[in-house]
Amino acid sequence: MSTTRRSAAEAYEKTNTRIFPSSGAAAKELAAEVRKLIEERAKQSKHVVLGMATGSTPVPFYRELIRLHKEEKLSFKNVITFNLDEYYGLGADHPESYARFMADQIFDHIDIPKENINIPSGKVTSDQVFAHCRDYEEKIDSLGGIDLQILGIGRTGHIGFNEPGSSRDSLTRRITLDRVTRQDAAADFRGEENVPHFAITMGVGTILRGKKLVLMAWGDNKADMVAKAVEGPMTEAISASFLQGHADAHFYIDTGASRELTRIKLPWLVGPVSWTPRETRRAVCWQAFQTKRPVLKLIDEHYNEHGLSDLLSEQGPAYQLNIRIFNQMQHTITGWPGGKPNEDDTYRPERASPYPKRCLVLSPEPQDAVVAMGSTIERLGEQGNDVHIVAMTSGNLRVSDSEADKFAGTLQELAGVVENPAAWGPQTAYAREALRLLEEKGEFGEDPPLIRQLKALILRGELRDAAHACSVSTERVVFMDLPFYEQGRYRRFKSTEADVEALVELLREHKPHQIYATGDAADPSSVSGLCFKVLSAALKVCAAEEWAANCSIWLYRGKEKALEPHEIDMAIPLSPMQLERKARALSRYGSLSSLELASPESNRQNARNYDALGLAEYEAIECFQKWRRA
Ligand code: GLP
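Calculation notes
- Residue indices follow the written sequence of each chain, beginning from 1 at its first position.
- With the structure being a predicted model, the display of local features is reserved for residues of pLDDT at least 70 and the display and counting of side-chain atom pairs for 80 or more, all residues being used for whole-chain, interface and lining totals.
- To obtain the side-chain values, all non-hydrogen atoms of the structure were included, while hydrogens and water were left out.
- Here the axes come from fitting lines to C-alpha atoms, over the contacting stretch only for helices, and the angles between their N-to-C directions go from 0 to 180 degrees.
- Counting from the N terminus, the helices are the DSSP runs of H or I reaching at least four residues and the strands are the DSSP runs of E reaching at least two.
- In what follows, roughly perpendicular refers to angles from 65 to 115 degrees, roughly parallel to angles under 35, roughly antiparallel to angles over 145, and oblique to any angle outside these ranges.
- Note on contacts: a residue pair is in contact if any heavy atoms of the two residues lie within 4.5 Å.
- In this classification, Asp, Glu, Lys and Arg are treated as charged, Ala, Val, Leu, Ile, Met, Phe, Trp, Tyr, Cys and Pro as nonpolar, and every other residue, Gly included, as polar.
- Note that the domain bounds were set by an automatic or database domain assignment.
- Buried area: the sum, over both parts, of the accessible surface (1.4 Å probe) that disappears when the two are put together.
- Note on definitions: salt bridges are taken to be side-chain nitrogens of Lys or Arg within 4 Å of carboxyl oxygens of Asp or Glu.
- Pairs of N or O atoms within 3.5 Å make up the polar contacts considered here, provided that, within protein, one atom can donate a hydrogen while the other can accept it, and that residues adjacent in sequence are counted only when both atoms are side-chain atoms.
- Each residue gets one of three labels from its accessible area relative to the maximum for its type: buried under 20%, exposed over 50%, partly exposed in between, using a 1.4 Å probe on protein chains only.
- A pair of strands is labelled paired if DSSP reports no fewer than 2 bridges between them.
- Patch membership needs two things, relative accessible area over 30% and no salt bridge, and members are linked within 9 Å if like-charged or within 5 Å if nonpolar (Val, Leu, Ile, Met, Phe, Trp, Tyr).
- All accessibility values rest on the Shrake-Rupley procedure with a 1.4 Å probe; residue burial counts only the protein chains present in the view.

A word on the packing of helix H2 (residues 59-72) against helix H3 (residues 98-105). Viewed as axis vectors pointing N to C, H2 and H3 meet at an angle of 45°, and their least axial separation amounts to 10 Å. By the angle class used here, H2 and H3 are oblique. Only Phe101, Met102 and Gln105 of H3 make contact with H2, whose side of the interface consists of Val59, Tyr62, Arg63 and Ile66. In the contact of H2 with H3, the residues fall into 5 nonpolar, 1 polar and 1 charged.

On to the environment of Arg179, then. Residue placement: Arg179 occurs in helix H5 (residues 179-184). Between the C-alpha atom of Arg179 and that of Gln605, which follows or precedes it by 426 residues, the distance is 25 Å.

Before going further, it helps to spend a moment on the domain arrangement of the chain. Taken domain by domain, the chain consists of domain 1 (17-263), domain 2 (266-330) and domain 3 (358-397 + 454-626). The centre of domain 1, based on its C-alpha atoms, is set 33 Å off from the matching centre of domain 3. If you look at the interface, domain 1 gives 23 residues, while domain 3 gives 20 residues. Summing both partners gives a buried area of about 1,900 Å² for domain 1 against domain 3, and 38% of it is carried by carbon and sulfur. Run the count over domain 1 and domain 3 and you get 9 salt bridges. A salt bridge links Glu567 to Arg259; its shortest N-O distance comes to 3.2 Å. The interface formed by domain 1 and domain 3 includes 15 residue pairs in polar contact (both at pLDDT 80 or more). Those elements that place two or more of their residues in the side of domain 1 that touches domain 3 are H2 and H3. Sorting elements by how many residues they give to the side of domain 1 that touches domain 3 places H3 first, with 3 residues. Its residues assigned to classes, the side of domain 1 that touches domain 3 shows 6 nonpolar, 6 polar and 11 charged.

Before going further, it helps to examine the environment of Arg190. One can find Arg190 in the loop between H5 and strand S9 (198-201). Note: C-alpha distance between Arg190 and Glu601 (411 residues apart in sequence) is 25 Å.

With that settled, consider the side chain of Arg398. Summarising the element assignment, Arg398 is placed in the loop between strand S13 (386-391) and helix H14 (401-417). What makes Arg398 buried here is its relative accessible area of 17%. At 2.8 Å, the side chain of Arg398 and the side chain of Glu596 are in polar contact. Setting aside chain neighbours within four positions, we find Arg398 in contact with Glu365, Gln367, Leu459, Tyr485, Tyr490, Lys559, Ser591, Leu592, Ser593 and Glu596.

Now for the pairing of S13. Counting buried positions along S13 gives 5 out of 6 residues, so the element sits mostly inside the fold. Relative to S13, strand S12 (residues 358-363) is paired through 6 bridges, and the arrangement is parallel. From the neighbouring strand, Cys359 faces S13, where its bridge partner is Val387.

With that settled, consider the pairing of S9. Relative to S9, strand S5 (residues 85-87) is paired through 3 bridges, and the arrangement is antiparallel. Across the sheet, the residue bridging to Asp85 is Thr201, located in S9.

The next point concerns a nonpolar patch on the surface. A contiguous nonpolar surface patch, about 310 Å² in accessible area, is contributed by Leu296, Tyr319 and Ile323. Positionally, Leu296 belongs in the loop between helix H9 (277-291) and helix H10 (300-305).

Have a look at this one:
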């Protein structure tokens, strides 16, 4: 099922690392291991101590444990758990507390005795913190220590909440959360300002006392940290790197999270490579960046000196290899994302006919597509194609209470200034109810349906406005409000058949020639990861239909790691004016994160990369990869 590290990779990978084809496959394997452990101990009438983690990462694993309990009668009666951490200040009933998360995601669905569950309390008073943490440590030890510790990894490389600076021997304690960690939790808490500043966490030393450790990571966004933790030096700056010093520590990762490992990124340094066109292009681009030379100026010696002599002997000399790759990359550049009508399209990324094309731009949350490919959307429309922007989910969880409050307040005030206030009865009642509900639920409470609806309406307005800035008219903006989103919260979403059916219906109605989508490289439980899963399932349903066979699917990257030059199949250059217009379209959104607002800068970086490879020099580029369906 998985790729274990090859021996040559061991020189780079300092912790056992297994790459699985998907998070589901890894979760299944780990759950099977846990099952074995629980059953063996049960036979000896002994307990098992599991160290539990929170976040979206362990969710597929917890779902598999629940399935094993429900369908295969696995009992958790002899299981004792210790959670890694808890936000300081949150009670167990707070919707974002880890206690609540664990109850929702696993404990309420299995037969673990309540008294066997241990989670640090976020509510102990400051003067009790020390004793509480010491007791937690002692309790772990008194039960014989943790048999298996499950871990995720944060964007700062933390395990538990052991932020940069945590020492190898640190124990359970209260810590201050890093800014990056608080930004990452901002969506859960609907705004960074609402994220607690402190947490109680097991220390690195506590974690390392576990007999076996398994760190899971999914999706591109974890790739940098995984590589640093597995291949870099052991350092307090990345607490996950301390797993290198543990005799039975393992990384279980998916292909997305493996991208920055040497054996994946620079496979020629590790062993023999099968030189597919993509790997060849990767090697040539790397070579060019490495030597700071454009592709056409690389010479045989460069290849030989950088471990690429077998590529040269297979596809060289350098002169010819360079030209071939240069031409391939040159052909990715086009000003015609929908294909150029009546032109030879032999070397163009998109075919010329049919023209005009019906294009569906799928945006997981309303803002995603405009952020990532606003200029391409504009270009498609200008060139006569029939473009629809589809907001797959309402995105309402992104909107802060203060925004909702502002809108409801304005609506209520309007009633006082219109000529016939009586005719405004329903609107006034709606506004009053919204304001009452906001007040009632308080800062952290869960949004009742009316508030989610109001927040969705705010985002609808923003998307219509941003679409307008990309020359897409209001009637061409589709709001799907996929049910998985309406019923969930961040890190806990779960798609169902109803989502797939809704998308199938939309696809059949539009019969698109082109679909733009994202999420293939995302954490599979993120909104974009789930939307991609729904798209894959919907396309499978429609596979035999004529339109589907002729539909090209272009993948864009939103919040995930940008495409690298060798991965790009279509590059849409932007002039300074176009980039400026895109930035203006983005400013229409009140809810964009700093990462999303930086999208124009990432477009500029794409252009700098092309320039460095010796291709044309543009202001910015929006990039796409063709999805080659299995
Ligand atoms: C929080 C938790 C960590 C977790 C991390 C990553 O910081 N304290 O234990 O690993 O989030 O979360 P996710 O799995 O959602 O990416």
